[in-house]
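Remarks on the overall topology
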Amino acid sequence: EPEVTQTPSHQVTQMGQEVILRCVPISNHLYFYWYRQILGQKVEFLVSFYNNEISEKSEIFDDQFSVERPDGSNFTLKIRSTKLEDSAMYFCASSEARGAPGQPQHFGDGTRLSIL
Amino acid sequence: AQTVTQSQPEMSVQEAETVTLSCTYDTSESDYYLFWYKQPPSRQMILVIRQEAYKQQNATENRFSVNFQKAAKSFSLKISDSQLGDAAMYFCAHTGANSKLTFGKGITLSVRP
């Protein structure tokens, strides 16, 4: 069964540095998402992306964050000038376009981001 | 704004028994979808079951079924014949027209052999 893949599985970065989290969505999916889960808290929506542009973003997704689909397969989340509170598990998800918004979102394994 | 509430932080069930996980939600939308996701220790979020709000019939997926009470805004998950592999964190989630999932805090389910 096709899967969403995320790399790296764990990223350790010094505060103030930039990080790029990478995702390869399922190949025939056209909607892409990033969520984060701070340890012990609920999963929170960050951003959704369709047709090469952001379709929805949360209050968390400020100017520090950006997303990009640099080629036909990757979907990246960039965090500029990381802060301690950015430490979390970041999940990428994708869904089919047909029948959206009710289409199930398929999640990757997540990237655990640790800011020191 | 949508909210999803899972008030039970954890539950335990004996293997082969049945357990029900509770979830309530609030939304101003008339057309929406509800989901249960499972997150085992391996951490990947796995879709368990999906319910369209416009359908009165409760969704069923093998040993998993829901009790969808639209008027009460309740969406509970029933796991029948519980197995050791069912032990995980379970998240209830809602999405409306904007496709973003709103999750509850989750419930940790343990299965006793």
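One structure accompanies this document, and this report is about it.

What counts and how
- Residues numbered from 1 in each chain as written.
- Chains lettered and ligands numbered in written order.
- Predicted model: local features only at pLDDT ≥ 70, side-chain atom pairs only at ≥ 80, totals over all residues.
- Heavy atoms only, no water.
- Helix = DSSP H or I, 4+ residues; strand = E, 2+ residues; numbered from the N terminus.
- Rg over C-alpha atoms; globule rule 2.2 N^0.38 Å.
- Buried < 20%, exposed > 50% of the residue type's maximum accessible area, 1.4 Å probe, protein only.
- Core = buried A, V, L, I, M, F, W, Y, C linked by side-chain atoms within 4.5 Å.
- Contact = heavy atoms within 4.5 Å.
- Pairing = 2+ DSSP bridges.
- Axes fitted to C-alpha atoms, helices over the stretch in contact; angles between N-to-C directions.
- Phe/Tyr/Trp six-rings, centres within 6.5 Å; stacked < 30°, edge-to-face > 60°.
- Buried area = accessible area lost by both parts, 1.4 Å probe.
- Salt bridge = Lys/Arg side-chain N within 4 Å of Asp/Glu carboxyl O.
- Polar contact = N/O pair within 3.5 Å; in protein donor to acceptor, adjacent residues only side chain to side chain.

1. Some thoughts on the overall build of chain B
When helices and strands are counted, chain B shows 0 helices and 12 strands. Along the chain direction, N to C, the helices and strands of chain B fall in the order β-β-β-β-β-β-β-β-β-β-β-β. On C-alpha atoms alone, chain B measures out to a radius of gyration of 13 Å, which is about the 13 Å that the 2.2 N^0.38 rule sets for 113 residues. Each of the three principal axes of chain B carries a C-alpha extent, and together these read 40 × 25 × 20 Å. Residue burial in chain B is summarised as follows: out of 113 residues, 49% are buried.

2. Regarding the nonpolar core
In terms of nonpolar packing, the biggest core is built from 25 residues, with Leu 21, Trp 36, Phe 75, Leu 77, Ile 79 and Tyr 90 of chain B touching the most fellow members. Of all the secondary-structure elements, those providing two or more residues to this core are β3 (19–21), β5 (33–39), β6 (46–52), β8 (64–69), β9 (74–79), β10 (88–95) and β12 (107–112) of chain B. Those residues in contact with Leu 77 of chain B that sit more than four places away from it in its chain are Val 19, Thr 20, Leu 21, Trp 36, Val 48, Ile 49, Phe 64, Ser 65, Val 66 and Tyr 90 of chain B. With 23 residues, the next largest nonpolar core counts Ile 26, Phe 49, Phe 75 and Leu 113 of chain A among its residues.

3. What about the sheet that holds strand β8 (residues 75–79) of chain A?
Residue and element names in this part refer to chain A. Spatial ordering of the open sheet is given by β1-β3-β8-β7, a layout of 4 strands whose pairing is antiparallel. Pairing within the sheet leaves two strands with one partner each, and these edge strands are β1 (5–7) and β7 (65–68). Taking each pair of neighbouring strands and ignoring which way they run, the sheet shows an average axis angle of 20°.

4. Some points on the packing of aromatic side chains
Under the counting rule described, the total for this entry stands at 19 aromatic pairs over all chains. Seen in terms of ring centroids, Tyr 33 of chain A and Tyr 35 of chain A are 6.3 Å apart; in terms of plane orientation they differ by 35°. Their pairing is tilted. Each member of the pair, Tyr 33 of chain A as well as Tyr 35 of chain A, carries the same accessibility label: buried. Ring geometry for Phe 91 of chain B against Phe 103 of chain B: centres 6.1 Å apart, planes inclined by 90°, an arrangement best described as edge-to-face.

5. What to know about the environment of Glu 96 of chain A
Relative to the helices and strands, Glu 96 of chain A is located in the loop between β9 (88–95) and β10 (106–107). For the pair Glu 96 of chain A and Glu 68 of chain A, spaced 28 residues apart in sequence, the C-alpha separation works out to 18 Å.

6. Here we look at unusual backbone geometry
Residue and element names in this part refer to chain A. Thr 7 connects to Pro 8 through a cis peptide bond whose omega is -10°. Topologically, Pro 8 is positioned in the loop between β1 and β2 (10–13). Positioned with a positive phi, Asn 51 is a non-glycine residue whose angle comes to about 55°. Tracing the backbone shows Asn 51 in the loop between β5 (43–50) and β6 (53–57). Phi is positive for Ser 81, which is not a glycine, with a value near 45°. When you line up the elements, Ser 81 lands in the loop between β8 and β9.

7. Side note on the interface of chain B and chain A
Frequently, the measure chosen for interface size is the accessible area that the parts lose on association. Between chain B and chain A, the contact holds 21 residues from the first and 20 residues from the second. A per-residue breakdown of the area chain B buries against chain A is headed by Arg 43, Gln 44 and Ser 99 of chain B, which together make up 31% of the total. In this structure, the connection of chain B to chain A is made through 0 salt bridges. Here the element with the most residues in the side of chain B that touches chain A is β5 of chain B; it accounts for 4 residues.

8. Notes on the side chain of Gln 51 of chain B
Residues and elements named next belong to chain B. Mapped onto the fold, Gln 51 is located in strand β6. The exposure class assigned to Gln 51 is buried, which follows from its relative accessible area of 1%. The contact partners of Gln 51, leaving out residues within four places of it in the chain, are Tyr 32, Tyr 33, Leu 34, Gln 57, Asn 58, Ala 59, Val 66, Phe 68 and Phe 75.

9. Considerations on the side chain of Gln 37 of chain A
Structurally, the position occupied by Gln 37 of chain A is in strand β4 (residues 31–37). Looking at Gln 37 of chain A, its side chain comes within polar contact range of the main-chain oxygen of Gln 41 of chain A, at 3.5 Å. A polar contact is formed between the side chain of Gln 37 of chain A and the side chain of Gln 39 of chain B, at a distance of 3.3 Å.

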